[in-house]
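Here is how the chains run, residue by residue.
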Amino acid sequence: LGDGTSAYLDTGFNPSTGSPNYSLNSDSLFAWSYQNGEDPNGNPIAGTTDSTHLLLIGPYENDGTTGFRNNSSASVSTSVTNGLGLWVTSRLNSTQASISQNGAILQTASDNSSAVPNSTVKFLTGYAITGNFFSGGIAAGGFGAGLTAQDQVNLYARLNTYMQQITPVLTSATTHTQ
């Protein structure tokens, strides 16, 4: 769980070091949030930055929007009503990036790619510096090649089935006291 002050997971994967499934103009980042309300400070649920080029998802920021950046320095946002479920940002070319929630594309933005960030991908933050930590929790996350709209629907369907199976386990684990 994110605590909003210091908890995060560093994957150790640096997109700039190269990967056959992650590149400047074909990439995706996703995380499943089980926080309905907004992050009080608008902090990202996942991402990375080298201070110039960013890959970030802010699923439900403090102004009722979601914000994302995908291998660019430009920030894109759109209105949302909650922060629950699967959040995906995907880039399939050099001129557009998208954000989706639970398999539904919320926005496809004109967003020129500039460079792959030279920093490791993190969950529960995008920065790993004091004061920029997501206060909710995530149940799944990942990254890789760009995902089409149908790929995002399929990913949501499969993860949703999984989440329904483990919900009793998660509920039991989070309410158990010793």
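Here the structure is a predicted model, which is why all the values come from computation and not from measurement.

J.: What's the story with the packing of aromatic side chains in this structure? I'm lost.
T.: Note on aromatic pairs: each is described by the distance of the centres and the angle between the planes. According to the stated counting rule, one finds four aromatic pairs in the structure shown. Three or more aromatic residues joined by ring pairs form one cluster here, namely F13, Y22 and F143.

J.: In this structure, what is going on with the sheet that holds strand 5 (residues 65–72)? I would like to understand it.
T.: Strand pairing within a sheet occurs via backbone hydrogen bonds; the two strands may be parallel or antiparallel. Overall, antiparallel pairing links the six strands, which are arranged 1-10-3-4-5-6 in an open sheet. A single partner strand is all that each edge strand has here, and the edge strands are strand 1 (9–10) and strand 6 (76–79). Note that strand 3 (residues 46–49) and strand 4 (residues 54–58) share four bridges and pair antiparallel. Note that in strand 4 the partner of G47 across the bridge is L56.

J.: Just to check I follow, could you spell out unusual backbone geometry for this structure?
T.: Most peptide bonds take the trans configuration, and most residues that are not glycine carry a negative phi. Of note, N102 is a non-glycine position whose phi angle comes to about 55 degrees, a positive value. Of note, N102 is situated in the loop between strand 8 (96–101) and strand 9 (104–110). Positive phi values are uncommon outside glycine, yet L124 reaches one of about 75 degrees. Following the sequence through the fold, L124 ends up in the loop between strand 10 (122–123) and strand 11 (138–144).

Conventions and cut-offs
- Residues numbered from 1 in each chain as written.
- Predicted model: local features only at pLDDT ≥ 70, side-chain atom pairs only at ≥ 80, totals over all residues.
- Heavy atoms only, no water.
- Phe/Tyr/Trp six-rings, centres within 6.5 Å; stacked < 30°, edge-to-face > 60°.
- Pairing = 2+ DSSP bridges.
- Helix = DSSP H or I, 4+ residues; strand = E, 2+ residues; numbered from the N terminus.

Take it as geometry only, folks, not as evidence of what the structure does.
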